[in-house]
Structure formats: C-alpha cells, structure tokens
Amino acid sequence: MNLDELREAVVACNGKPFQAKQLAQWLYGKRELEFDRMTNLSKELRNNLQQRYRLLTSTVVAREESGEGTTKLGIRLHDGMIIEAVLMRETRADGAERVTTCISTQAGCAMGCRFCASGQLGLKRHLSAGEILEQLLHLSVLMREQAQAVDWLTNVVVMGMGEPLHNFDNLLKALTILNAEWGFHFGARRVTVSTVGLPDRIRQLAEQGYQFNLAISLHGVDDASRTALIPTNAGLAKILDAAKYYFEQTRREVTFEYTLVGGKNDDLDTAQRLVELVKDFPRANVNLIPMNPVENSGLETPTTEAVNVFTEELRLAGVNVHVRRRRGRRVQAACGQLRLKLEEASSG
Ligand code: SAH
C-alpha cells in the first residue's frame, strides 16, 4: 500500500489519518512484521488492523545457501505460485560490504529467452506491488537471523524472475514505495531495473523523475542473432534509442548485460561488433554473464577461453567491461532454476 491507501486502511480501522505515516514507518522503515509490536499505535487500532489485514501473503518454502555468501529463497505466493529472491553478500576491494538482493516481478515470464529457466514455462501471472515488496520483508527476516554487521540491503536489483517492464504499473508502485521517504527510503541510485528491452516502457520509466539504474539485456549484436536467443526481440535500433533517451532524461549510465552462450554469440567477430554497437553510447558499461547451464535449453555454457578472449577484446577497445562472477552455482542460481525444481518436486 502507498501512503494514501494506508490512510484509508487506518481510517477504516478507527485510526486517525496521521497514523498512516506511523504504520508506514513500522512496516517499511523498521520492517516490523507484527502489528502488536507497533507500540505507538493504540491497542484498538492494532487489533482492528490485525483483524482486517495480513502483513504477509506469501511464505518462504525453500532456502538454499551457497556457502559463499549467497542465499536463495523460494517463496510461495497465496495461490501456490513460486517465485525466487536471492541475497548476495560480498566484500568489495575497498573493504565495504555490499548486500544485494535480486527480486522477482512475475511468476514465470512471457519473454521466452532460450537460455532462461523462467522462460521455459511461460508467464503464470504478474506479481502485485505488495508481492514484489514482500520479498524484501522476507529478506529482512533472513538478514536479522544472519546477525551480521551490515543488517540491511545496500542494493536492490530487479533481475529475478520475470520481465519487470512487462508488469510496469505494479513495478512502478513497488519502486515508489521502496524509494519514498515515508516508505523504505531506499536510494534510487542503489536500485537497478533489468529489462529484456521494451522500448516504450523504457521511455515511460525515463519520464517518472526517478534515478533508478537501467540494465538492458542485449545478448546479440544484430536482430537475427538476438532474435534467435530472444524470440520477443523488439529490435536493437529501437532498444538502443530508448536506452539513449533513458540516459538523457535521468543522466544515469545504462548497463548492457550480455549473456555469453557457447558457440552462439561468444566469438571474436561478435565481440568486435559489440564494441561498435556500444562505443557511441555515453559511458557504456557492459556486464558479461557466462551462461549458467539450463536443462533442456539445448544451449551450452561458453568456454573459459572464449569468455577471456571476448572480454579482452572489449577491454582493449576501451569499453568498461565486467564479467559477472558466477555465484551460487550450488543454489540453482540461474534465473528460475530453483522454482523449476520446486515445481517439479510438488508435481511429481
Ligand atoms: N527480464 C529481465 C530480468 C530478468 S533476467 C531481463 O531480461 O533483463 C536477468 C538477467 O539474467 C538477464 O540479462 C538474462 O538474460 C540473464 N539470464 C537468464 N538466464 C540466464 C542463464 N541461464 N545464464 C546467464 N544469464 C541468464
């Protein structure tokens, strides 16, 4: 709920409008999951809220740890759908600890990327704004249990299951609550939205007046090769135009993600064409992701040598390139893999 909705809820429970902010402070600011502990609300208001509302609609049904700072949660929604949220802890070169979560926006996905486990079953449904944010509340519980020095997220990436911009309104509502001072008060510059590249929605997000980071999944250097991996490809020219527009409106650097698929898009010639493609782009960042193996995809992970040659080519051309470290291979870390496993277990 946003602040207006919380106000209505509080008033319907015999509370005063100003108490909506107190409720928001408990729920989003302190991530308190028991009405009864919201001690500056009257006993009556707490009881009324308790009777009419639930603070969580989903439950954590699986938890897998990689032993290298990565934990993946399998979360069951009220209607039995399963989504995933991942927590990653890492200490950076300068000693700062970074705690990033990767959250989902849909159960399943309609984009159909050939190398993606979430795409294999198609779209089940959009998540509500509440379901998107509830993932953060489950992670908050997990982080309290971990009892580490850094006890809250430093970064949120909307890069889990689903295509965020395909669920635009709910995504925007969730991000608004995440960013708002009365909400989670989480800085927009610490939030990244990753998209397969829906040009109109990229433009729409650019016009909201926020400074969220945008990551675009490229994966191909021309439309033929891109469409072979992403059947719903909207067209590279349109996507890159929209990305430029995003940069102009927000002044945030755009990141290009590039999943390297063995023998499909990981050769030297392709690397050179990728350089040409991103070279004119203002301060382009390229994140290379060696494909995580996905069963029944018929696609192969790239060789270490291919990854190195590809990376070096970009680096020599002056592109700001990073190879995404493989984390949590033991936690079914590729997009949608844990869910596939959980669904197979429950159907079999
Ligand atoms: N739909 C959004 C966000 C979810 S996917 C998008 O397309 O960006 C997040 C990233 O993981 C995307 O770049 C996606 O292409 C990549 N990805 C999905 N499955 C993968 C796999 N098996 N190996 C490597 N990268 C994968």
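If you're wondering where the values come from, they're calculated on a predicted model, not measured in any experiment. (Residues numbered from 1 in each chain as written. Predicted model: local features only at pLDDT ≥ 70, side-chain atom pairs only at ≥ 80, totals over all residues. Heavy atoms only, no water.)

A. Expanded view of the site of the ligand. Taken together, 20 residues form the shell around the ligand, and within it Phe115, Ser194, Ser217, His219 and Asn292 come nearest. Phenylalanine 115 places a polar main-chain atom, nitrogen or oxygen, 2.8 Å from a nitrogen atom of the ligand. Expressed as a share of its isolated accessible area of 530 Å², the protein-covered part of the ligand is 94%. Within the residue set of the shell around the ligand, elements represented by two or more residues are β8 (191-195) and β10 (254-260). Of the residues assigned to the shell around the ligand, the class counts are ten nonpolar, eight polar and two charged. (Near = heavy atom within 4 Å. Polar contact = N/O pair within 3.5 Å; in protein donor to acceptor, adjacent residues only side chain to side chain. Areas by Shrake-Rupley, 256 points an atom, 1.4 Å probe, with all protein chains shown as cover. Helix = DSSP H or I, 4+ residues; strand = E, 2+ residues; numbered from the N terminus. Nonpolar A, V, L, I, M, F, W, Y, C, P; charged D, E, K, R; others polar.)

B. Quick look at the pattern of salt bridges. Taken as a whole and judged by the stated rule, the model has 15 salt bridges. Across the pair arginine 46 and aspartate 36 runs a salt bridge whose closest N-O atoms are separated by 3.8 Å. Of this pair, arginine 46 sits in helix α3 (residues 43-52) while aspartate 36 sits in the loop between α2 (19-29) and α3, placing them ten residues apart in sequence. Residue aspartate 36 is classed as partly exposed on the basis of its relative accessible area, which comes to 40%. A salt bridge links glutamate 257 to arginine 324, with the shortest nitrogen-to-oxygen separation between them at 3.2 Å. You can see glutamate 257 sitting in strand β10 and its partner arginine 324 sitting in the loop between β12 (320-323) and α11 (337-347), a full 67 residues away along the chain. Glutamate 257 sits in the buried class, given a relative accessible area of 3%. Beyond isolated ion pairs, a larger network of salt bridges with shared partners links Asp36, Lys43 and Arg46. (Salt bridge = Lys/Arg side-chain N within 4 Å of Asp/Glu carboxyl O. Buried < 20%, exposed > 50% of the residue type's maximum accessible area, 1.4 Å probe, protein only.)

C. Molecular detail of unusual backbone geometry. Its identity as a non-glycine residue notwithstanding, arginine 31 has a phi of 55°, on the positive side. Structurally, arginine 31 is set in the loop between α2 and α3.

D. Structural context of the packing of helix α1 (residues 3-12) against α2. One can describe the packing of α1 onto α2 by two numbers: an axis separation of 8 Å at closest approach and a directional angle of 115°. With respect to each other, α1 and α2 are oriented roughly perpendicular. Crossing angle aside, the handedness with which α1 passes α2 is right-handed. Contacts between α1 and α2 pair Leu3, Leu6, Arg7 and Val10 from the former with Gln19, Ala20, Lys21, Leu23, Ala24 and Tyr28 from the latter. (Axes fitted to C-alpha atoms, helices over the stretch in contact; angles between N-to-C directions. Parallel < 35°, antiparallel > 145°, perpendicular 65-115°, else oblique. Left-handed = near helix turned anticlockwise from the far one by under 90°. Contact = heavy atoms within 4.5 Å.)

E. Region of the structure containing empty space enclosed by the protein. Within this structure, the stated rule accounts for one cavity of 30 Å³ or more. In this structure, the largest cavity spans a volume of roughly 40 Å³. Lining of the largest cavity is provided by Ile103, Ile132, Leu133, Val158, Leu171, Ala174, Leu175 and Leu178. Only α4 (129-146) and α5 (168-179) provide two or more residues apiece to the lining of the largest cavity. Considering each element in turn, the lining of the largest cavity owes the most residues, four residues, to α5. (1 Å grid on protein atoms, 1.4 Å probe; cavity = no way out; pocket = protein on both sides within 12 Å on 5 of 7 lines; lining within 4 Å. Points joined across faces, edges and corners; volume = space filled by probe spheres on them.)

F. Spotlight on α4. For α4, spanning 18 residues, the distance from its first C-alpha to its last is 26 Å, which sits close to the expected 26 Å at 1.5 Å a residue. Alanine 147 lies just past α4 and shows a positive phi near 50°. (Expected span 1.5 Å × (residues − 1).)

G. How the structure looks around the domain arrangement of the protein chain. The domain architecture assigned to the protein chain consists of domain 1 (3-52) and domain 2 (59-347). Placing a centre on the C-alpha atoms of domain 1 and another on those of domain 2 gives a separation of 34 Å. Taken together, the eleven residues of domain 1 in the interface contact eleven residues of domain 2. When residues of domain 1 are sorted by the area they lose upon contact with domain 2, Tyr28, Arg31 and Leu33 head the list and together hold 63% of the total. (Domains from an automatic or database assignment. Buried area = accessible area lost by both parts, 1.4 Å probe.)

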